[in-house]
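# Fold and contact review
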Amino acid sequence: MDTLKNFLSKYAAQVLIGGLVLFVCAGIFGFGLFNALGESTDSFYATGTSAAETDKKMVSIFGASDTKASIVLFEAKTRSADVRSTVYAQEVQRIVAGLNPKAVTSYYTTGLAQFVSVDGHDTYAVVTLRGTPDEQYETLTQFAQSTKSDVFNVSVGGAFIGQRQTQAQTKTDLRIAEMVSLPILAVLLFWFFRGVVAAIIPLIMSFLTIAGAMALARIVHIFVPIDTYTLNVITILSVGLSIDYSLLAVNRFRDELHAGHGAAQSAKRTTRTAGRTILFSGLTVVVCLLSMLLFPVGFMRSVSIGGAAAVLVAVIVSVVLLPPALQLLGKKINMGSFSPKFAVAKGWRQLARVVTRHPYYALGAGLVIIGLLVWPVASFQTTSFDWRVLPNNKSAHHVGKILDERFTVQEASLTVLADFEEAPTAVQLCQLAKAIQHVEGVTAVQAAYVSTASTPDCKVLPQLMAQLQAQSPEQAMLLSKTAAQYVSGRYVRVEVVPDYNVNDPKMRQLIERLQRVSDVTGANIAVGGQAARAQDTLAAYQQSVPYVVAIIAVAMFVILSLLLGSIILPLQAIVINSLALLISLGVLVMV
């Protein structure tokens, strides 16, 4: 640090000007990150798992759109409407045809009662569209806004729509939060730094840190995919750390000036003390954030990279650019100050006296408060996305609520991929649907010849199809057309509606039972879908957490030992940070 402080002091103006120019160029380059990053509805699920690989394989076999199924809900405007009436059916088919879907599964294509509400007035269709996910979402959004009918109201929902609406809502909420927090932040900065000039420093640092972190993240994005959540992490951490680090450095610099040292000497002493603390602190946080890369989840990867970039750049700005700036400012740092002596508030001084005079009482009271805040962690439960996380005014929330209240069967959350090694016959498709439908924990299935799964013997299916062809050619053609949506060469997919919630522990046993269907059908079975990926993601977190915790603990111990020259103090820091984490989780559970 001695070499660095001497260099920064000797070439203060050159370092500051060069650094500002560099960060302006970095900001121009980093601004392109807005266009480079994309949104992914799969970023919260683990990659490389069995379910993820199954979904990827289904995309290659059936096309990307088949993994982005959405729900179109039809709610009758009058309670006299009947889903089974000809007028209702024709209106539904007319409206769905306007989407030009790749595949449609509904009451009118399967005859299954699961698509009809309990009172018989409402229905829904599961549709998959052509095009990229962005194109599908735009098509469905415009469809919902423009579709009009005298018979029913039309809404779109499902997991795909819900995840897109969640992302949009998150962006909106963050923008509102930023607009509300900026005026409050300005007032707090003036209060914390006790002066106009000093309060401006963390704002300038924030802009420089954001510019540098975005540039660094854009370079990383060339090699490692990240999503738009990186921008939010960069913004939040850049502002927070800029305030934290600048408060530490500015206060130290003011103390040195107040002690009678000159500007250059004060800047050197600030670099040696506060700068060293910032360097070790930032290094610890960077290592901890990078340890999150062990989680095989896109969202965590984005948080890790964005956070590490923000911390690293904040440290560079605070250690390399801030001391020269303070040296050049000198006593001007106190311009506009309203508390030149920078005395500690009386309230904090009195609290410190009480705590030090009565340490056992203070410790006991602290443990009670910590215990009350940590207690809710015992009821902490993990969950995955569903319609309940959305506001009431979002269509996915409305669709999910209506399905939950009026229908006996919900959206399929599991998908079975069967490989027959050669093109399956209608009898084999019937047997597959029948076998899956009879698995414990399965409410219903959407599959080829699913309506024939109740047939006592699938071997008589050819004769039944021949009779149906003779009696009703249109119905036979519809049955064959529907079956073709679930078959591609030797591969067959079956959409499964389970008895359990996505987050229910019994879901894992159901997945294992579905995988054993291969013993009955002779096909190779793999299970994917939202519920399977959620279960695999939870398992991936559980497997990675011990390693992440170990890396964080070792990093904190080693780095803080080097900084403090002690073994006890790093252990104390680990305990305090662990308690802080548990308190945060407890507060989240309470909220």
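Keep in mind the model is a prediction, meaning the values are calculated, not measured. (Residues numbered from 1 in each chain as written. Predicted model: local features only at pLDDT ≥ 70, side-chain atom pairs only at ≥ 80, totals over all residues. Heavy atoms only, no water.)

## Regarding the overall build of the protein
For the protein, the count of helices and strands is 22 helices and nine strands. Expressed as a percentage of contacts within the protein between residues at least 6 apart in sequence, the contacts between residues at least 24 apart total 79%. Total accessible area on the protein is roughly 29800 Å²; 63% of this is exposed by carbon and sulfur atoms. Distance between charge centroids for the protein: 17 Å, based on 45 positive and 37 negative side chains. (Helix = DSSP H or I, 4+ residues; strand = E, 2+ residues; numbered from the N terminus. Contact = heavy atoms within 4.5 Å. Areas by Shrake-Rupley, 256 points an atom, 1.4 Å probe, with all protein chains shown as cover. Lys, Arg positive; Asp, Glu negative; His and termini not counted. Charge placed at Lys NZ, Arg CZ, Asp CG, Glu CD.)

## Some remarks on the packing of helix H1 (residues 2–10) against helix H12 (residues 298–329)
To describe two helices that pack against each other, one gives the angle between their axes and the distance between the axes. Contact pair H1 / H12: the axes reach a minimum separation of 9 Å and the direction vectors enclose 45°. Relative to H12, the element H1 lies oblique. In terms of crossing hand, the pair formed by H1 and H12 is right-handed. Listed contacts from H12 to Leu4, Leu8 and Ser9 of H1 are Val319, Val320, Pro324 and Gln327. Of the residues in the contact of H1 with H12, the class split is five nonpolar, two polar and no charged. (Axes fitted to C-alpha atoms, helices over the stretch in contact; angles between N-to-C directions. Parallel < 35°, antiparallel > 145°, perpendicular 65-115°, else oblique. Left-handed = near helix turned anticlockwise from the far one by under 90°. Nonpolar A, V, L, I, M, F, W, Y, C, P; charged D, E, K, R; others polar.)

## Some remarks on the side chain of threonine 415
Inspection of the secondary structure puts threonine 415 in strand S5 (residues 414–419). Given a relative accessible area of 8%, threonine 415 falls into the buried group. At a separation of 2.9 Å, a polar atom in the side chain of threonine 415 contacts the side chain of glutamate 495. Leave out the neighbours within four places in its chain, and threonine 415 touches Met58, Arg493, Val494, Glu495, Ala526, Val527, Gly528 and Gly529. (Buried < 20%, exposed > 50% of the residue type's maximum accessible area, 1.4 Å probe, protein only. Polar contact = N/O pair within 3.5 Å; in protein donor to acceptor, adjacent residues only side chain to side chain.)

## Some points on the packing of helix H2 (residues 12–30) against helix H9 (residues 196–221)
Their axes nearest at 7 Å, the elements H2 and H9 cross at an angle of 55°. Of the possible angle classes, the one that applies to H2 and H9 is oblique. Here the hand of the crossing between H2 and H9 comes out left-handed. Together, Leu20, Phe23, Ala26, Gly27, Phe29 and Gly30 of H2 and Leu208, Ala211, Gly212, Met214, Ala215, Arg218 and Ile219 of H9 make up the contact between the two elements. Per-class residue counts for the contact of H2 with H9 are nine nonpolar, three polar and one charged.

## Things to note about the packing of aromatic side chains
Throughout the structure, instances matching the rule amount to seven aromatic pairs. Ring geometry for tyrosine 88 versus phenylalanine 152: centroids 5.1 Å apart, planes at 50°, classification tilted. Taken together, the residues tyrosine 88 in helix H5 (residues 86–97) and phenylalanine 152 in strand S4 (residues 152–157) connect sequence positions 64 residues apart. The same class applies to tyrosine 88 as to phenylalanine 152, namely buried. One aromatic cluster is present, formed by Phe74, Tyr88 and Phe152 through successive ring pairs. We note arginine 218 situated over the ring of phenylalanine 29; from NZ or CZ to the ring centre the distance is 4.5 Å. Sitting over the face of the ring of phenylalanine 62, arginine 493 holds its NZ or CZ atom 5.3 Å from the ring centroid. (Phe/Tyr/Trp six-rings, centres within 6.5 Å; stacked < 30°, edge-to-face > 60°. Lys NZ or Arg CZ within 6 Å of the ring centre and 35° of its normal.)

## Considerations on the nonpolar core
Ranked by size, the top nonpolar core spans 37 residues in total, and within it Val72, Phe74, Tyr88 and Tyr124 carry the most contacts. Among the secondary structure elements, those contributing two or more residues to this core are strand S1 (70–76), H5, helix H6 (107–110), strand S3 (123–128), helix H7 (133–146), S4, helix H8 (159–193) and helix H15 (395–406). Apart from residues no more than four positions distant in its own chain, phenylalanine 74 is found in contact with Tyr88, Val92, Ile95, Val96, Asp122, Thr123, Tyr124, Ala125, Phe152, Asn153 and Val154. Core analysis: the next-biggest nonpolar cluster, separate from the first, contains 35 residues, Phe23, Leu37, Ile201 and Val317 among them. (Core = buried A, V, L, I, M, F, W, Y, C linked by side-chain atoms within 4.5 Å.)

## Topic: the pattern of salt bridges
Under the counting rule described, the total for this entry stands at nine salt bridges. Where arginine 490 meets aspartate 419, a salt bridge forms, and the shortest distance between an N and an O atom there is 2.9 Å. Taken together, the positions of arginine 490 in the loop between strand S7 (487–488) and strand S8 (491–498) and aspartate 419 in strand S5 put the pair 71 residues apart, joining distant regions of the chain. Residue arginine 490 is classed as partly exposed on the basis of its relative accessible area, which comes to 34%. Classification of aspartate 419 by relative accessible area gives buried; the value is 9%. Notably, a salt bridge pairs aspartate 536 with arginine 508, separated by 2.7 Å at the nearest N-O pair. (Salt bridge = Lys/Arg side-chain N within 4 Å of Asp/Glu carboxyl O.)

## A word on the sheet that holds S3
The strands that make up a sheet are held in pairs by hydrogen bonds between backbone atoms, and each pair lies either parallel or antiparallel. With antiparallel pairing, the four strands of this open sheet are ordered in space as S2-S3-S1-S4. Unpaired on one side and paired on the other, strand S2 (103–105) and S4 mark the two borders of the sheet. Strand-to-strand twist across the sheet, computed as the mean angle between neighbouring axes with direction ignored, equals 25°. Relative to S3, S1 runs antiparallel, the two being bridged by five bridges. Residue leucine 73 lies in a different strand from S3, and its bridge partner there is tyrosine 124. In the packing of H7 onto the sheet, the strands contacted are S1 and S4, and the crossing angle to S4 comes to about 160°. In the packing of H15 onto the sheet, the strands contacted are S1, S3 and S4, and the crossing angle to S1 comes to about 65°. (Pairing = 2+ DSSP bridges.)

## Observations regarding the pairing of strand S6 (residues 442–446)
Summarising burial for S6: four of the five residues are buried, a large majority. As defined by bridge partners, S6 adjoins S8 across four bridges and the pair is classed as antiparallel. Looking across to S8, one finds that valine 445 is bridged to valine 496.

## A word on helix H19 (residues 506–515)
Residues three or four positions apart in an α-helix share a direction because the helix packs 3.6 residues into each turn. Regarding H19, the residues found buried are Met507, Leu510, Ile511, Arg513 and Leu514. Mapping the buried residues of H19 onto a view down its axis gives an arc of 160°, with all of them on the same face. (Arc of directions from axis to C-beta.)

## With respect to H2
Here H2 spans 26 Å end to end across 19 residues, near enough to the 27 Å set by a 1.5 Å rise per residue. Buried within H2 we find Ala12, Val15, Leu16, Gly19, Phe23, Ala26 and Gly30. Looking straight down H2, one finds its buried side chains confined to an arc of 95°; they lie on one side. Among the exposed residues of H2, those pointing more than 90 degrees away from its buried face are Gln14, Ile17, Val24 and Ile28. Buried residues in H2 make contact with H1, helix H3 (33–36), H9 and H12. (Expected span 1.5 Å × (residues − 1).)

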